[in-house]
Amino acid sequence: MTVSFPEPSPAEGAAPAPRTGGAVHDWSVDPLPALEFDPLLHRLLREEPIARVRMRFGEGDAWLVTRYEDVKTVASDPTLSRALTVDRPVTSMTPHVVAPAGGIGRTDAPDHTRLRRLVAQTFGRKRVAALRPRAQELADRMTERMARLGPPADLTECLTGPLPAQLIGDLLGVPTRDIDLLQTWRAVILSSDHTQAESEAVKREIAGYFRALADRRLTDPGDDLFSALVAAHAQEELSRAELVSLAVMLVLNGMDAVRNQVSNMVYALLTHPEQLERLRAEPELLPGAVEELLRYIPHRNGVGLPRIATADLTVSDTTIRDGDVVYVSYLAANRDSSVFTEPDRLDLGRDEAPNLSFGHGAHYCVGALLTRMEAEVMLSTLLDRFPRLRLAVEPKDMRWRRGSINRGPETLPVAW
């Protein structure tokens with residue numbers, strides 16, 4: 001239901017007053033089929049690029065910013081706080097907040113700067129380049145097994161799920177035998193269908209796991225990121241709670257987001273045969289193709305983490321007041337027609353503005369380079385090994401995840 005409140009016209013000859021909001025849009029964030037774009041985001045981007053929304057959980061309403069330049073402005077404004085969202089029941093699409101309080105996603109400078117510095121080097125260009133041979137080794141082994149067993153195969157089970165899970169496990173020094181356990185916890189934490197009590201119980205379990213692993217790494221360190229974070233904790237560079245929250249968020253993003261992003265990329269290519277053939281004919285397009293797929297694919301449901309305004313600010317013609325809750329939609333920004341030509345069309349040769357799929361500003365995703373590398377490795381390996389790769393079912397018969405923050409297929413049946 002949408003309730004509209006008409007605004008009075010400004011006095012003749014006077015400058016228009018900044019708009020402070022009219023309609024409040026109830027946004028249920030319903031599951032969408034395949035890669036269909038959220039119709040509310042689509043409409044607001046074009047008709048009301050700074051709007052007020054109310055979601056299923058929490059209290060009150062929030063600003064939703066959808067236009068590319070406005071999203072960049074909000075995401076980089078230091079007067080908008082992530083830390084102030086802790087213990088504030090803001091309107092949300094999930095009954096619980098996925099990112100832990102005090103973690104890197106819900107802190108502001110200087111704490112955020114300190115935490116980001118501790119992990120940034122691991123995900124920098126040199127380290128990601130050094131990880132590429134390991135990713136390629138995994139991709140070769142997994143696709144070789146696919147070829148040996150023969151079609152059809154579920155790509156989420158054979159490649160797009162296990163490869164990023166193993167790679168993030170390697171990075172964090174998680175024993176291979178524990179990967180499935182982390183996958184089970186991941187599925188609950190990133191769900192919007194489980195109750196808050198169920199989600200909080202699983203959060204306690206995964207936090208307990210990493211506390212125990214930290215105790216072991218303190219006396220028996222390895223050559224991995226988690227051991228380095230444990231050493232930093234021993235030097236009092238970060239708290240134990242921060243140590244655990246960093247590990248949890250790295251696992252959730254490394255396992256779930258990459259799985260779904262690459263699965264969606266493969267599906268998009270297999271359902272856009274002209275773009276797939278272009279990529280086969282021009283393999284040098286791959287890095288740019290990954291960027292276009294990141295832009296085009298709506299990889300999540302709803303929105304991410306909110307911010308709280310700590311001062312009045314004006315974005316375009318809208319005044320956001322001190323204390324207001326603000327969300328940005330990177331998905332909508334990636335479809336802004338003032339920035340991208342025919343934004344609802346997949347075009348692997350596109351060379352326009354950078355996509356905002358990994359965010360913008362201080363909270364830009366620290367794992368962006370790693371995700372891009374994994375996508376390039378998996379896509380290039382699939383195209384090389386299986387020149388006749390195709391869906392093993394009709395698109396209408398695909399099953400897509402429901403009740404989850406990240407969008408993607410439950411299974412991705414392919415043949416060749």
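Residues numbered from 1 in each chain as written. Predicted model: local features only at pLDDT ≥ 70, side-chain atom pairs only at ≥ 80, totals over all residues. Heavy atoms only, no water.

In the nomenclature of an unreviewed UniProt entry, the chain corresponds to Cytochrome P450 from the organism Streptomyces hesseae.

A. Summary view of the nonpolar core. Judged by nonpolar contacts, the single largest core of 87 residues is most densely connected at L182, F210, F226 and L293. Of the residues forming this core, the biggest block, 18 residues, is contributed by helix α10 (residues 240–270). For L293, the residues in contact, after removing those within four places along its chain, are M265, A268, L269, L346, L348 and L379. (Core = buried A, V, L, I, M, F, W, Y, C linked by side-chain atoms within 4.5 Å. Buried < 20%, exposed > 50% of the residue type's maximum accessible area, 1.4 Å probe, protein only. Helix = DSSP H or I, 4+ residues; strand = E, 2+ residues; numbered from the N terminus. Contact = heavy atoms within 4.5 Å.)

B. Spotlight on the sheet that holds strand β6 (residues 153–154). The strand order across the open sheet formed by 3 strands is β6-β12-β11, and the pairing between neighbours is antiparallel. The open sheet is flanked by β6 and β11 (390–391), the only strands paired with a single partner. Across 2 bridges, the pairing between β11 and strand β12 (residues 413–415) is antiparallel. In the sheet register, L391 faces β12, and the bridge partner there is V414. (Pairing = 2+ DSSP bridges.)

C. Region of interest: the packing of helix α6 (residues 162–172) against α10. Viewed as axis vectors pointing N to C, α6 and α10 meet at an angle of 160°, and their least axial separation amounts to 8 Å. It follows from the interaxial angle that α6 and α10 lie roughly antiparallel. Here the hand of the crossing between α6 and α10 comes out right-handed. Residue-level contacts link P164, A165, I168 and L172 of α6 to A247, L250, V251, G254, M255, V258 and R259 of α10. Broken down by class, the residue content of the contact of α6 with α10 amounts to 9 nonpolar, 1 polar and 1 charged. (Axes fitted to C-alpha atoms, helices over the stretch in contact; angles between N-to-C directions. Parallel < 35°, antiparallel > 145°, perpendicular 65-115°, else oblique. Left-handed = near helix turned anticlockwise from the far one by under 90°. Nonpolar A, V, L, I, M, F, W, Y, C, P; charged D, E, K, R; others polar.)

D. Spatial organisation of α10. For α10, built from 31 residues, the straight-helix expectation of 45 Å at 1.5 Å per residue is met to within 8% by its first-to-last C-alpha distance of 45 Å. The element α10 is extensively covered by neighbouring structure, given that 28 of its 31 residues are classed as buried. (Expected span 1.5 Å × (residues − 1).)

E. Structural detail: unusual backbone geometry. Here the residue pair A109 and P110 is connected by a cis peptide bond, since its omega of 10° sits within 30 degrees of zero. Relative to the assigned elements, P110 resides in the loop between β5 (80–81) and α3 (111–120). Cis geometry marks the peptide bond from P151 to P152; its omega dihedral reads -5°. Along the chain, P152 turns up in the loop between α4 (125–149) and β6.

F. Molecular detail of the pairing of strand β10 (residues 325–328). Side chains V325 and Y327 project from β10 onto one buried face, and the interleaved V326 and V328 project onto a second face that is buried too. Across 3 bridges, the pairing between strand β4 (residues 62–65) and β10 is parallel. The residue bridging V65 from the neighbouring strand is V328, located in β10. In this sheet, β10 lies alongside strand β7 (residues 307–309) in antiparallel orientation, the contact comprising 2 bridges.

G. Region of the structure containing the environment of N334. In this structure, N334 sits in the loop between α13 (330–333) and α14 (368–385). Note on N334: relative accessible area 0%, which makes it buried. With 267 residues separating them along the chain, N334 and R67 place their C-alpha atoms 8.5 Å apart. Discounting residues that sit within four places of it in the chain, N334 has contacts with L294, R295, F340, N355, L356 and S357.

H. Inspection of the pattern of salt bridges at higher detail. Taken as a whole and judged by the stated rule, the model has 27 salt bridges. Across the pair D111 and R114 runs a salt bridge whose closest N-O atoms are separated by 3.2 Å. Of this pair, D111 and R114 both sit in helix α3, separated by 3 residues, roughly a single helical turn. For D111, a relative accessible area of 38% puts it in the partly exposed group. By relative accessible area, which is 21% here, R114 ends up partly exposed. (Salt bridge = Lys/Arg side-chain N within 4 Å of Asp/Glu carboxyl O.)

I. Geometry of the packing of aromatic side chains. Following the criterion strictly, the structure yields 6 aromatic pairs and no others. With a centroid separation of 4.9 Å and an interplanar angle of 85°, the aromatic rings of Y267 and W400 are classed as edge-to-face. Here W400 lies in the loop between β11 and β12 and Y267 lies in helix α10, a separation of 133 residues in the sequence. The exposure classification of Y267 matches that of W400, with both residues buried. A network of ring pairs unites the aromatic residues Y209, F210 and F226 as a single cluster. Cation over ring: R52 sits above W63, and NZ or CZ is 4.4 Å from the ring centre. The cationic tip of R335 hangs over the ring face of Y296; the distance from NZ or CZ to the ring centre is 4.8 Å. (Phe/Tyr/Trp six-rings, centres within 6.5 Å; stacked < 30°, edge-to-face > 60°. Lys NZ or Arg CZ within 6 Å of the ring centre and 35° of its normal.)

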